[in-house]
Amino acid sequence: MSEEKFYFQTEAAELLKMMISSVYSNRDIFLRELISNASDALDKRRIETLKNSELAENTNPEIKIEINSDKKTLSVSDNGIGMTKDELIKYLGTIAKSGTKEFLQAVKNDANSQQELIGQFGVGFYSVFMVAEKVEVITRKLGTNETFKFTSDGTGSYTIEDAEQRNECGTTVTLYIKENKEDTEAKNYLEEWTIRDIITKYSDFISWPIIFKDKTVNSQKAIWQRPEKEITEEEYKEFYKHLTHDWRDPLTHIKINAEGSTNFKGLIFIPSEAPLELFMDPDAGGISLYINRVFIMNDCKVLMPQYLRFIRGVIDSEDLPLNISREILQEEPIIKVIRKSTQRKIFNEFKKLLEKDREKYIKLWTTFGKILKEGIVQDYEHAKNIFDISLFRTTNSDEWTTLSEYETRMKPGQEGIYCLAGRDNIEALKASPKLEPFINKGYEVLLMTDPVDDVILSQAGFILPAEAKKLLNISDDNVSAETEDEKKEIEKKIKALNEDFEPLKKKALEIFSEKLSDVKLSFSLTNSPACLRGGMSLQMEKMMQAMGQTMPAQKRILEFNAEHPVIKKLISLAKNNDEKVTDMLKILYDQSMILEGTIPDNPSEFVKRIDDLMSLIPGE
Ligand code: ADP
């Protein structure tokens, strides 16, 4: 095959451009990326040959690093799985990572945070272009006899051609180190001490030997097998980065050491920011399974419930057979034991963090709380545990609070924990008319803004143990801030108004026969003329409709503030059968939707009605 020219996918080319201009300050990590890739390739080869012993080649797996000061090259070789020509194009010519487009968009709009964003995204192989002016990849895939050479200077295109046959499968990546005058430091990557330093710092725990100048330079010790007190923070961080390809430090780690009927060790991490794929791919997972220090598989979903999918790490068991497959894993009782005990440990550690380092825990919660909370409705067994470590915003202050902290502030005789769910924006939620009676009476109300909160509120009654304080949704018609005596008083007042109110009520029920189950007068609202009650929040309803879910029509109650001038006027207009009542009712209904944080069903009609009303104001 003669040389063929290819163009990088647009997104890849844009990332490369950023790499060449080298916005990332810590360039050493290109070597960590290459060693990580080589190590992954050796893992993959081992697993392939386990499945198919005919593929086994009689060589020792290793990663070899060489420098050639005359040619000004640095190379990283492995005898791992290698790549076919198609794979070269797919893996090195394009970026399959979800969120690439969004990432590039974000970088374009905010040049200052390029560095931070690159760290978040992780650019893997492309990081070589921070230090190299040209890169060659020579590779032969396991089980094939073809060797290919990929060459690129990182500017838009690359070539692939046949290369001299490699003796064994694997890949050699050769960097031609930059030589320009402005970049005086790149040549350090041709120095023995620099390379040795980087390997020790970033890749000491790699489980395959890294050979440099004919000697193995890494200790190959699995970090999770070592005693906790021996491991430095730096080592934890570097291991995390190797494992996750995240460029940022983790928020925290948890060491697991289970001894008893089932022995296993583990090391798990909480990332400091949500990886991009987390919200885009609800199936993303991040636990690698090892058996007796041997890598078996990454992304082992059975080890973690879905709502802990943001956790990354390693679990290593002595008690599983080496040839275990993904399919039988699920049935394996040991896996269930490991999963259970890891979960318990995680909840305990989260609780400790909440008590000891509130600031860090708040960071964890603001990043992953949304996902963790899904567990309340997915995993009844741990629902209470999750409630205990959940943080909430409230009407009292801008601080986060736990349920038990809220309980200490409850007023004497308060029946339960008052909650209001809906809207993704806390400020909008704070403006809800439903809060008025509770705030007036000095009650604190939890403000819940995540999609899962509606479901939590509707199910809390049977999820929480009987002795726990009840969660009372103040949107429900039967939850009110008034005492029994006050309620009786109000009933009397309402009764007295009933006759006058009847024509308006009839009219409203006629207009909104599909949407309302009742129309009521109320004395608990203060500033707002009306609000909608009952059913799931309008936002939730819209979201479920958008997802194509069918559900029973949600009929709500429209509540009128009996003391509001607009309502007083409306009552009297309706009594006189005034034709403006219909428009006014429709405006009030749409207003109530807006206060719930949703757009009226027909915004242009709403606007037109308001305009018509304004045109009645006297003047030119
Ligand atoms: P990541 O490692 O995060 O997937 P990279 O850009 O570093 O991203 O690599 C892209 C892909 O190229 C890898 O997922 C792997 O499939 C392939 N690859 C890279 N280096 C090697 C190698 N030394 N041997 C085999 N495949 C490799």
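Q: Help me understand the pairing of strand E12 (residues 287–291) in this model?
A: Along a regular strand, successive side chains alternate from one face of the sheet to the other. Of all five residues in E12, five are buried, a share of seventy percent or more. Burial of E12 is two-sided: the residues Ile-287, Leu-289 and Ile-291 facing one way and the residues Ser-288 and Tyr-290 facing the other way are all buried. Inspection of the sheet shows E12 paired to strand E14 (residues 312–317) by five bridges, in the parallel sense. Its bridge partner lying in E14, Ile-287 is registered against Gly-313. As defined by bridge partners, E12 adjoins strand E13 (residues 294–297) across three bridges and the pair is classed as antiparallel. Opposite Leu-289, over in E13, you have Met-297 as the bridge partner. Counting the residues in the hairpin turn of E12 and E13 gives two residues, including Asn-292, whose phi is positive at 50°.

Q: I tried to follow the site of the ligand on my own but got confused; where do I start?
A: By nearness alone, every residue bordering the ligand is listed as Asn-37, Ala-41, Lys-44, Asp-78, Met-83, Tyr-91, Leu-92, Gly-124, Phe-125, Thr-171 and His-245. Between Asn-37 and the ligand, the recorded distance is 2.8 Å, taken from a side-chain N or O atom to an oxygen atom. For the ligand, whose unbound accessible area comes to 540 Å², protein coverage reaches 79%. Elements represented by at least two residues in the shell around the ligand include exactly helix H2 (29–51) and helix H3 (85–92). In terms of residues, the shell around the ligand owes the most to one element, H2, which gives three residues.

Q: Just to check I follow, could you spell out the packing of aromatic side chains for this structure?
A: Think of a pair of aromatic rings as described by two things: how far the centres are apart, and how the planes are tilted against each other in angle. Tallied over the full model, the rule gives 20 aromatic pairs. Between Phe-125 and Phe-150 the ring centres are 6.3 Å apart and the planes differ by 75°, which places this aromatic pair in the edge-to-face class. One end of the pair, Phe-125, is in the loop between helix H5 (114–121) and strand E4 (132–140); the other, Phe-150, is in strand E5 (residues 147–152), and 25 residues separate them in sequence. Seen from their ring centres, Phe-512 and Tyr-589 are 4.5 Å apart, and the 20° between their planes marks the pair as stacked. Highlighted residues: Phe-512 in the loop between helix H17 (484–511) and strand E19 (516–522) and Tyr-589 in helix H20 (residues 580–595), separated in sequence by 77 residues.

Q: Quick question: what am I supposed to make of H20 here?
A: For an α-helix, the turn length of 3.6 residues means that residues three or four places apart are oriented alike. With 16 residues, H20 extends 23 Å from end C-alpha to end C-alpha; this agrees with the ideal 22 Å at 1.5 Å per step. Of all the positions in H20, only Val-581, Met-584, Leu-585, Ile-587, Leu-588, Tyr-589, Asp-590, Ser-592 and Met-593 are classed as buried. A positive backbone phi angle near 90° is found at Gly-597, which sits one or two residues after H20.

Q: I'm lost on unusual backbone geometry in this one. Help?
A: Peptide bonds are, in most cases, trans, and in most cases residues other than glycine have a negative phi. Positive phi, normally seen in glycine, also occurs at Lys-213, with a value near 50°. As for its position among the elements, Lys-213 is in the loop between strand E8 (210–212) and strand E9 (215–216). Of the residues examined, Lys-213 reaches a relative accessible area of 43% and is grouped as partly exposed. In this structure, Asn-292 takes a positive phi of about 50° despite not being glycine. Relative to the assigned elements, Asn-292 resides in the loop between E12 and E13.

Q: What's the story with the nonpolar core in this structure? I'm lost.
A: Generally speaking, nonpolar side chains in soluble globular proteins are found buried as a group. By size, the foremost hydrophobic cluster in this structure holds 75 residues, and its most contacted members are Phe-310, Ile-311, Phe-350, Tyr-361, Leu-372, Tyr-418 and Leu-471. The dominant element in this core, judged by the number of residues it contributes, is helix H10 (residues 333–356), at eight residues. Beyond its immediate stretch of four places on either side in the chain, Ile-311 contacts Ile-268, Phe-269, Ile-270, Gly-286, Ile-287, Met-304, Ile-346 and Phe-350. Ala-12, Leu-34, Phe-103 and Ile-160 belong to the second-largest nonpolar core, a separate cluster that totals 68 residues.

Q: Whenever I open this one, H10 confuses me. Can you help?
A: Its 24 residues give H10 an end-to-end C-alpha distance of 35 Å, which sits within 8% of 34 Å, the value for a rise of 1.5 Å per residue. Within the span of H10, buried status applies to Ile-334, Ile-335, Ile-338, Ser-341, Thr-342, Gln-343, Ile-346, Phe-347, Phe-350, Leu-353 and Leu-354. Buried-residue contacts for H10 involve strand E10 (250–258), strand E11 (264–271), E14, helix H9 (326–329), helix H11 (358–378) and helix H12 (380–388).

How each quantity is defined
- Residues numbered from 1 in each chain as written.
- Predicted model: local features only at pLDDT ≥ 70, side-chain atom pairs only at ≥ 80, totals over all residues.
- Heavy atoms only, no water.
- Buried < 20%, exposed > 50% of the residue type's maximum accessible area, 1.4 Å probe, protein only.
- Helix = DSSP H or I, 4+ residues; strand = E, 2+ residues; numbered from the N terminus.
- Pairing = 2+ DSSP bridges.
- Near = heavy atom within 4 Å.
- Polar contact = N/O pair within 3.5 Å; in protein donor to acceptor, adjacent residues only side chain to side chain.
- Areas by Shrake-Rupley, 256 points an atom, 1.4 Å probe, with all protein chains shown as cover.
- Phe/Tyr/Trp six-rings, centres within 6.5 Å; stacked < 30°, edge-to-face > 60°.
- Expected span 1.5 Å × (residues − 1).
- Core = buried A, V, L, I, M, F, W, Y, C linked by side-chain atoms within 4.5 Å.
- Contact = heavy atoms within 4.5 Å.

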